[in-house]
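Observations on chain architecture
Chain residues, written in single-letter form:
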Amino acid sequence: MSAEKLTRPELVCPAGTPASLRTAVDAGADAVYCGFQNATNARNFPGLNFTPAELEAAIAYAHERGAKVLLAVNTFPPAGQTALWKEAIDIGAGFGIDAIIVADIGVADYAARRHPDQRLHLSVQAGAASPEAIGFYCDEFGVKRVVLPRMLTVAEISGLHQQIPCEIEAFVFGNIGMMAEGRCSLTNYVTGLSTNMDGVCSPAGQVHYEEDAQKNLTTRLGGFVVDRFACGESAGYPTICKGRYHVAGRAEAYHAFEEPVSLNLSALLPDLMRAGVTALKIEGRQRSRAYVRSVVAAFRQAVDALLAGGDPQISSLLALTEGHRETQGAFQGKTWR
Amino acid sequence: MRMAAKTELILGPVPFHWPAETLRDFYFRIADEAPVDVVYLGEVVCHKRAPFFAPQLDEVAARLKAAGRRVVFSTLAEVMLPAERRLVEAMCAMDEIVEANDVSALSHLAGRPHHIGPYMNVYNEDTLRFLAGKGAAHFSLPAELPAGALRALGAAAPALGVSLDVQVFGRVPLALSARCYHARLTGRTKDSCQYACEADPDGLALETLEGTRFLAINGIQTLSHSCLNLAAEIAELKEMGITGLRLSPHSCDMVAVAEIFRAVADGALGPGEAEDRLAALDPPGPFANGFFHGRPGCIRTMAGEGAPA
């Protein structure tokens, strides 16, 4: 490899629980992101997330080890219920959180006015994908970093970097939905729980598995069949945008939106770093500590190897992807669209 | 007690790729016959469709205005590519009222009167207030908002000097993507799509593996298979301070649909009779109203029936 000097990116890792947060920090995370135990964040799952006291302790743990903590307050409060979101902002700012990740314009405005010194990041849930949209949040609320929607190619990210006044954070690994973030009501259409307002996607409480006499497994969300698996096939978690459907004029059911694959950009890390990506984000606040440890350690090793001019060893990551199938999604090029 | 403003009937933009001639004839007939107060024009789903109708846009807008309709131009809901950004910028540069469907458009429209479309995430009174301060005068609210949130927004709107509408008819927009699903179905990509979406004037129905009609794809957009019908909720919407009722166009007789909703809004037709008449017009799917009642959007429930607050 040439003597090219790459800027050290921030490795941003998921923490669904205080234990996962400590695991991520110990495995080499530069920053961890987490949320409170309520609808104010987009991973509002049972048994997940932090109480205020847990967050305070987690910040202390991370800061003692040189890592940052980012608080996701990245859902959209329905009218009449904004107090919960404002409370989340106030608690985070009061604890000296390193950044708050926001999506809703009203929430961003509150945070910017009430806590003018608090660093704000724009959540992927805001769906800001153009220089004009990103610039709007920077101008109005002083946003310092945008988490990009997973719909741009590496070349487009590079172009965008030249046109916006803030840092870029890009997803590099984990589960990806097919729909533009922050603009999907599919779960609400089927379950009555909203991704944007309640922070849930395909809630486990409304997932059903049915096995027939031949041991074929049918998966449902609410009343709708999402997929069906033959005996012995590995069955995916039923997410509407990864299901199989029939259309008129096509004999076989097909994945109308996307195959059940996971994002893995480990092979594109040098390209992303050259494109001006400041922070590399790993998805998976709902994942186990063992998963967090493996993925964070693998990316830590890969990034450090790249910075040292070496070749990263990243093949072990494939075993951790959904159904052991991976994709580079939109990042690889325009044919994905 | 505050005097309720007259309820306005609004024709939203056509979300589907109809041939330019079909679109022109559709709008001419709306101008001549439909009792709608406001008509939104413009391509909201895919920038690649926009050039087809562009040559006729001026003529259609003039015809609608001459017939006494207010005309508003809707911008794209998803803006990322240079061509998409140019389309939004060009529309915002017109000396017309423009409806922003993405934050990209806001950067062009801030400081002058404009509308906010249903693809913008306006979920609460704080967002409403902020955008009103930037010049937003009218908001079309997201389809998934339940009655409680609509009521709170309706209460906040008068002091901000803004008006609100909600969709009351048509398939509900549920999701957007960077990928074109019509292109994917035909083994193509968004760049090489050959306008596969033109074959489906109301979107293409997706069925589950057990044959239940579920969703409809429309290029990069996913819609409900069911057809929203809030005829029975109009009295409640008016009482909440929602002054606009938005009809989303379909290939069924939209003049007749508009006449039915006008009659319900005027108290001249009951919701039960309205439903029977709408059903006879071959709407794109079975009626649903779950979102309004805080239930799954796919379901049809009678007003007040077991609806959580």
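First, a word on scope: everything that follows refers to the structure included in this document.

Thresholds applied
Residues numbered from 1 in each chain as written. Chains lettered and ligands numbered in written order. Predicted model: local features only at pLDDT ≥ 70, side-chain atom pairs only at ≥ 80, totals over all residues. Heavy atoms only, no water. Buried < 20%, exposed > 50% of the residue type's maximum accessible area, 1.4 Å probe, protein only. Helix = DSSP H or I, 4+ residues; strand = E, 2+ residues; numbered from the N terminus. Contact = heavy atoms within 4.5 Å. Polar contact = N/O pair within 3.5 Å; in protein donor to acceptor, adjacent residues only side chain to side chain. Phe/Tyr/Trp six-rings, centres within 6.5 Å; stacked < 30°, edge-to-face > 60°. Lys NZ or Arg CZ within 6 Å of the ring centre and 35° of its normal. 1 Å grid on protein atoms, 1.4 Å probe; cavity = no way out; pocket = protein on both sides within 12 Å on 5 of 7 lines; lining within 4 Å. Points joined across faces, edges and corners; volume = space filled by probe spheres on them. Nonpolar A, V, L, I, M, F, W, Y, C, P; charged D, E, K, R; others polar.

All right, on to helix H4 (residues 105-114) of chain A then. Here H4(A) lies mainly inside the structure; seven of its 10 residues are buried. If you check which residues of H4(A) are buried, you get Ile105(A), Gly106(A), Val107(A), Ala108(A), Asp109(A), Tyr110(A) and Ala111(A). Those residues of H4(A) hidden inside the fold are in contact with strand S3 (68-73), helix H3 (83-94), strand S4 (99-102), strand S5 (120-122) and helix H5 (131-141) of chain A together with helix H5 (125-133) of chain B. Where H4(A) begins, the capping side chain belongs to Asp104(A), and its oxygen is found 3.0 Å from the backbone nitrogen of Gly106(A).

If you walk through the whole model with that rule in mind, you get 17 aromatic pairs over all chains. Between Phe76(A) and Tyr123(B) the ring centres are 5.4 Å apart and the planes differ by 35°, which places this aromatic pair in the tilted class. Note that Phe76(A) is positioned in the loop between S3 and H3 and Tyr123(B) in the loop between strand S5 (114-116) and H5, a pairing that runs across two chains. Phe76(A) sits in the buried class, given a relative accessible area of 2%. Judged by its relative accessible area of 2%, Tyr123(B) falls in the buried class. Ring plane angle 90° and centroid distance 5.8 Å describe the contact between Phe136(A) and Tyr137(A), whose orientation is recorded as edge-to-face. On the basis of relative accessibility, which here comes to 4%, the residue Phe136(A) falls in the buried class. The side chain of Arg250(A) reaches across the aromatic face of Tyr254(A), ending 4.0 Å from its centre.

Moving on, we come to empty space enclosed by the protein. Inspection of the entire model under this criterion finds 10 cavities of 30 Å³ or more. Every residue lining the largest cavity is counted, 19 residues in all, and those nearest its centre are Arg183(A), Ser185(A), Pro118(B), Tyr119(B) and Pro173(B). Looking at the lining of the largest cavity element by element, the count peaks at five residues for strand S7 (residues 163-176) of chain B. Classifying every residue of the lining of the largest cavity gives 13 nonpolar, four polar and two charged. What the second largest cavity holds in volume is close to 170 Å³. Lining the second largest cavity we find 17 residues, and of these Pro118(B), Tyr119(B), Gln167(B), Pro173(B) and Ser248(B) sit closest to its centre. Of all the secondary-structure elements, those providing two or more residues to the lining of the second largest cavity are S7 and strand S10 (221-229) of chain B. Among the elements that take part in the lining of the second largest cavity, S7(B) stands out by supplying three residues, more than any other. Considering only residue class, the lining of the second largest cavity consists of 10 nonpolar, five polar and two charged.

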